[in-house]
Amino acid sequence: MKIILKNLTKIYPSRDKNKPDDVIAVNGFDFEIPDGKLIGLLGPSGCGKSTTLNLISGLELPTKGQVFFGDDDVTNLPPENRGVGLVFQNYALYPHMTVRQNIMFPLTNVKKKERLSRKEMEEKVLEVAKLVQIEKLLDRKPSEMSGGQQQRVAIARALVKMPRVLLLDEPLSNLDARLRLQTREEIKRIQKKTGITTVFVTHDQEEAMSISDMIVVMKDGVLQQIGRPQDVYDAPANLFVAKFLGNPPISLFKGEIKNNLLYIGDSAIMEKKLSDREVYVGIRPEGFEYDENGPLVFDLERVEVMGRDTSVVYDHACSISDNKRAIIPSETGKLICGDKVRFSIKESKCHLFDIESEELIK
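From a predicted model like this one, the values you see are computed outputs, not experimental measurements.

Caption draft 1: A look at the overall build of the protein chain. The secondary structure content of the protein chain amounts to 9 helices and 20 strands. With the principal axes as the frame, the protein chain shows a C-alpha extent of 80 × 45 × 40 Å. Residue pairs at least 24 apart in sequence account for 66% of intrachain contacts in the protein chain once pairs closer than 6 positions are excluded. Counting only carbon and sulfur atoms, one obtains 46% of the accessible surface of the protein chain, whose full area is about 18,200 Å².

Structure follows, in structure tokens:
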């Protein structure tokens, strides 16, 4: 099911006497979610991603704008009539019910004339339980299950009515690191198998990039960039997107273009045929190449061996970011010694941003 958002806006009236301005949670959202894709809504806390999900689901109505499922305008349609499946951060399982009863609940909570027979309901419960690999746990209560198992129950309950759209709001936040990795792989597998259009809300950029077909990056209720995860990482639209994506984060410097050369401090690091101006220079950690004759000279603080890679922690007078790391192969890291370290820069991993607008300079 294709989802189209047109000028979607949600404004909340201010409740703070000292700040009378209304709060704009979502501001003029325009984008299309292709049929059968998994989309990651990504951004920091308070950016409006959960509000956007609630507007898609019908849990909240927009101040203005429209929501379409395919050709159908569902803007004012209640959630129960939209054909959506919802999975929340806290699972929201009924503790007194078994897994079977929890999954079956959406099938029993319909009008009598539309209700399936008991046998049909049992078959559907078993079908989705197998899909999320909990068919052997159907007679347990939620308290007898791990966090990851409970999350699978919540997903199965959302899927049992085969919704047109599956909406996941921070579904992995309560899981430990190992379970998060395992469960996000399961979500991707389930989505591929069912083909249901899925919107996945998270503040974890690694999580979003690893399972999404496309990511939507938000800030302060405003859409910043849409695209394939690798495309957004490789060509961030602005400084915010560049800083938000990547682990370790991008390294930032104040730089200058003079005579078709890019300078960081007194070092001309590469050719750039652009007009003379000051710029922000963003270099991905993997964009540094150890080079004894390299143009960029750093003060070496320490070298951290991480197995396959080595993290070189540096300092530089023109650095404006908290993150000051270069990631290089471990065998290369063994060559580093002394108080200074030199690097050359991979041009594809170096991004320039306008000082005033903070937009990418192409």
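Read on for the rest.
Caption draft 2: Broad picture of the sheet that holds strand β19 (residues 340–345). Spatially, 5 strands are ordered β15-β19-β16-β17-β18 in an open sheet, and the strand pairing comes out antiparallel. Since the sheet does not close on itself, it has two edges, and those belong to β15 (288–290) and β18 (325–329), each with one partner. Strand after strand, the sheet turns through a mean of 50 degrees between neighbouring axes, direction not considered. Direction of pairing for strand β16 (residues 296–305) relative to strand β17 (residues 309–315): antiparallel, over a ladder of 6 bridges. Considered in β17, the bridge of Leu300 is made with Tyr314.

Caption draft 3: Highlighting the pairing of strand β3 (residues 38–42). Most of β3 is tucked away, with 5 of its 5 residues classed as buried. Covered by surrounding structure in β3 are Leu38, Gly40 and Leu42 together with Ile39 and Leu41, the residues of both alternating faces. Pairing of β3 with strand β8 (residues 197–202) involves 5 bridges; the strand directions are parallel. Residue pairing in the sheet places Leu41 in a bridge with Val201 of β8. For β3 and strand β9 (residues 214–219), the ladder comprises 4 bridges, and the chain directions are parallel. The residue of β9 that forms the bridge with Ile39 is Met214.

Caption draft 4: Summary view of unusual backbone geometry. Cis geometry is adopted by the peptide bond preceding Pro248, which originates at Asn247 and carries an omega value of 0 degrees. Within the secondary structure, Pro248 is located in the loop between α8 (239–244) and β11 (251–258). Phi is positive for Asn259, close to 55 degrees, though the residue is something other than glycine. For Asn259, a relative accessible area of 62% corresponds to the exposed category. Although it is not a glycine, Glu358 adopts a positive phi angle of roughly 65 degrees.

Caption draft 5: Fine view of the environment of Ile103. When you line up the elements, Ile103 lands in helix α2 (residues 99–108). Here the alpha-carbon distance between Ile103 and Met121, two residues 18 residues apart in the chain, equals 9.7 Å. Other than its neighbours up to four places away in sequence, Ile103 contacts Val125, Val128, Ile134, Leu138, Val153, Ala156, Arg157 and Val160.

Caption draft 6: Layout of the pattern of salt bridges. The tally for this structure, following the rule as stated, stands at 19 salt bridges. With its nearest N and O atoms 3.1 Å apart, the salt bridge here joins Arg100 to Asp139. Here Arg100 is found in helix α2, whereas its partner Asp139 is found in the loop between α3 (118–131) and α4 (147–159), with 39 residues between them in sequence. Residue classification places Arg100 among the partly exposed positions, given a relative accessible area of 22%. The class for Asp139 is exposed, based on a relative accessible area of 61%. Of the charged contacts, one joins Asp309 and Arg308 as a salt bridge, the two residues approaching to 3.5 Å between their closest N and O atoms. Through salt bridges that share partners, Arg100, Arg118, Glu122 and Asp139 make up one connected network.

Caption draft 7: Broad picture of the sheet that holds β3. Spatially, the 6 strands line up as an open sheet ordered β6-β7-β8-β3-β9-β10, and their pairing is mixed. Sheet topology places β6 (84–87) and β10 (222–227) at the edges, where each strand pairs with a single neighbour. Averaged over all pairs of adjacent strands, the angle between their axes in this sheet comes to 15 degrees, without regard to strand direction. Bridge count between β6 and strand β7 (residues 165–169): 4 bridges; the pairing is parallel. When the sheet's bridge partners are listed, Gly85 is paired in β7 with Leu166. The strands touched by helix α1 (residues 49–57) are β3, β6, β7, β8 and β9; relative to β7, the strand with the most contacts, the crossing angle is about 150 degrees. Lying on the sheet, α4 is in contact with β6 and β7; it crosses β6 at an angle near 170 degrees.

Conventions and cut-offs
Residues numbered from 1 in each chain as written. Predicted model: local features only at pLDDT ≥ 70, side-chain atom pairs only at ≥ 80, totals over all residues. Heavy atoms only, no water. Helix = DSSP H or I, 4+ residues; strand = E, 2+ residues; numbered from the N terminus. Contact = heavy atoms within 4.5 Å. Areas by Shrake-Rupley, 256 points an atom, 1.4 Å probe, with all protein chains shown as cover. Pairing = 2+ DSSP bridges. Axes fitted to C-alpha atoms, helices over the stretch in contact; angles between N-to-C directions. Buried < 20%, exposed > 50% of the residue type's maximum accessible area, 1.4 Å probe, protein only. Salt bridge = Lys/Arg side-chain N within 4 Å of Asp/Glu carboxyl O.

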